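Here's the letter readout for the chains.
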Amino acid sequence: MQTTIHVMRHGEVHNPTAILYGRRPGFRLSTLGQRMAQRVADVLKESGHEITGVVASPLLRAQQTAAPTARAFNVPLESDSRLIEAWNSFEGVAVNKNRAMLAHPKYWKRYINPFKPSWSEPYADLVQRMTAAVSDALRKYEGGEVLMVSHQLPIWTLRSFAENRPLWHDPRKRECALASLTSFQFDGATLQSVTYWEPAAELLEEAADMVPGTSAAETAVADDN
């Protein structure tokens, strides 16, 4: 029985101070981010997909991203804490206001192990919780299509694990743009393929995105005005 799990990154976030917001509450989608979320819902509906379940990280930006698709397919929006953003010791720091600050000696002790990594949630922990969330959705929605909204690093780590690549990586090379979908196709419980696509691609050039990765979005800079 064929099942597809679409793991979507949330849309653009309203973040005028360009901080690393991580798990901080209250960070909502920007107006453009709302358009991205709606565009994905429209593309899924118009291209004949049959979404039978919608599940999202409990963070506001993920919930707002998932909502248009849940409405479009008339299914409830569920929350799963395992889809949440990775914790990061730089949360709250305006890293894009001055990226050189990351090279300050006071931060050096955080870089002791880039393979874990030592400054953030371990990759192995990300894999464990993301695969568990996908496995549960696979069982619950067997034979259907599921949209699961998460965040860039958890999604990229999940994809790297599925494609048997090293989990440690150059963050600038993550293929996981805003509102993108990384789709996992299963035959029964066996993963058959992984595909990546950007239903809202034409909106990326309008985005200011502080998170690294391969994207048409620009780098957000703090607004001091």
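The structure under discussion appears in the preceding block.
Only a predicted model underlies this, so the values are computations on that prediction, with no experimental measurement involved.

Draft legend 1. Up close: the side chain of Gln-185. Among the secondary structure elements, Gln-185 is positioned in strand E5 (residues 181–187). Given a relative accessible area of 17%, Gln-185 falls into the buried group. Among the polar contacts listed, one links the side chain of Gln-185 to the side chain of Thr-195, at a separation of 3.4 Å. Beyond its immediate sequence surroundings of up to four residues, Gln-185 is in contact with Thr-3, Thr-4, Thr-190, Leu-191, Gln-192, Ser-193, Val-194 and Thr-195.

Draft legend 2. Representation of helix H4 (residues 152–162). Most of H4 is tucked away, with nine of its 11 residues classed as buried. Next to the buried residues of H4 lie strand E1 (2–9), helix H3 (123–140), strand E4 (145–150), E5 and strand E6 (190–197). Two residues or fewer past H4, Asn-164 is found with a positive phi of approximately 60 degrees.

Draft legend 3. Here's a closer look at the packing of helix H1 (residues 31–46) against helix H2 (residues 60–72). Axis separation between H1 and H2 bottoms out at 8 Å; the angle between their running directions is 30 degrees. It follows from the interaxial angle that H1 and H2 lie roughly parallel. Crossing hand, H1 versus H2: right-handed. Listed contacts from H2 to Ala-37, Gln-38, Ala-41, Leu-44 and Lys-45 of H1 are Gln-64, Thr-65, Pro-68, Thr-69, Arg-71 and Ala-72. Taken together, the residues of the contact of H1 with H2 sort by class into five nonpolar, four polar and two charged.

Draft legend 4. Seen up close, H2. End to end, H2 covers 19 Å across 13 residues, agreeing with the expected 18 Å (1.5 Å per residue, within 8%). The axis of H2 is deflected most strongly, by about 30 degrees, at Ala-66, and proline Pro-68 appears within four residues downstream. Regarding H2, the residues found buried are Arg-61, Ala-62, Gln-63, Thr-65, Ala-66, Ala-67, Pro-68, Thr-69 and Ala-70. On its buried face, H2 is in contact with E1, H1, strand E2 (51–56), strand E3 (77–79) and E4. Looking at the residues trailing H2, positive phi occurs at Asn-74, about 55 degrees.

Draft legend 5. Representation of the layout of surface pockets within the structure. Roughly 820 Å³ of internal volume is contained in the largest pocket. In terms of lining, the largest pocket is formed by 34 residues, of which the most central are Leu-20, Asn-88, Pro-171, Arg-174 and Pro-212. A class-by-class count of the residues in the lining of the largest pocket yields 18 nonpolar, nine polar and seven charged. Empty space within the second largest pocket amounts to approximately 180 Å³.

Draft legend 6. Here's a closer look at the nonpolar core. Residues Met-8, Met-36, Val-40, Val-54, Leu-147 and Val-149 are the most contacted members of the largest nonpolar core, which totals 25 residues. Contributing elements (two or more residues each) for this core: H1, E2, H2 and E4. Broken down by element, this core gets its largest block of residues, four residues, from H1. Not counting the four nearest positions on each side in its chain, Val-54 is found in contact with Ala-66, Thr-69, Ala-70, Val-75, Pro-76, Leu-77, Glu-78 and Leu-147. In this structure, Leu-138, Val-146, Met-148 and Phe-186 belong to the second largest nonpolar core, which totals 17 residues.

Draft legend 7. A look at the sheet that holds E6. The strand order E3-E2-E4-E1-E5-E6 describes an open sheet built from six strands, whose pairing is mixed. Strands with a single pairing partner mark the edges of an open sheet, and in this sheet they are E3 and E6. For this sheet, the mean angle separating the axes of adjacent strands, direction not counted, is 25 degrees. Where H2 meets the sheet, it contacts E1, E2, E3 and E4, and its direction lies at approximately 165 degrees from that of E2.

Draft legend 8. Just the pattern of salt bridges, in detail. For the coordinates displayed, the defined rule picks out 15 salt bridges. When the shortest N-O distance is used, the salt bridge between Asp-209 and Arg-9 registers 3.3 Å. In this pair, Asp-209 sits in the segment after E6 while Arg-9 sits in strand E1, placing the two residues 200 residues apart along the sequence. Across this residue pair, the class does not change: Asp-209 and Arg-9 are buried. Overlapping salt bridges bring together Asp-80, Arg-82, Asp-136 and Arg-139 as one network.

About the cut-offs
- Residues numbered from 1 in each chain as written.
- Predicted model: local features only at pLDDT ≥ 70, side-chain atom pairs only at ≥ 80, totals over all residues.
- Heavy atoms only, no water.
- Helix = DSSP H or I, 4+ residues; strand = E, 2+ residues; numbered from the N terminus.
- Buried < 20%, exposed > 50% of the residue type's maximum accessible area, 1.4 Å probe, protein only.
- Polar contact = N/O pair within 3.5 Å; in protein donor to acceptor, adjacent residues only side chain to side chain.
- Contact = heavy atoms within 4.5 Å.
- Axes fitted to C-alpha atoms, helices over the stretch in contact; angles between N-to-C directions.
- Parallel < 35°, antiparallel > 145°, perpendicular 65-115°, else oblique.
- Left-handed = near helix turned anticlockwise from the far one by under 90°.
- Nonpolar A, V, L, I, M, F, W, Y, C, P; charged D, E, K, R; others polar.
- Expected span 1.5 Å × (residues − 1).
- Bend = angle between axes of the 7 residues up to and from the residue.
- 1 Å grid on protein atoms, 1.4 Å probe; cavity = no way out; pocket = protein on both sides within 12 Å on 5 of 7 lines; lining within 4 Å.
- Points joined across faces, edges and corners; volume = space filled by probe spheres on them.
- Core = buried A, V, L, I, M, F, W, Y, C linked by side-chain atoms within 4.5 Å.
- Pairing = 2+ DSSP bridges.
- Salt bridge = Lys/Arg side-chain N within 4 Å of Asp/Glu carboxyl O.

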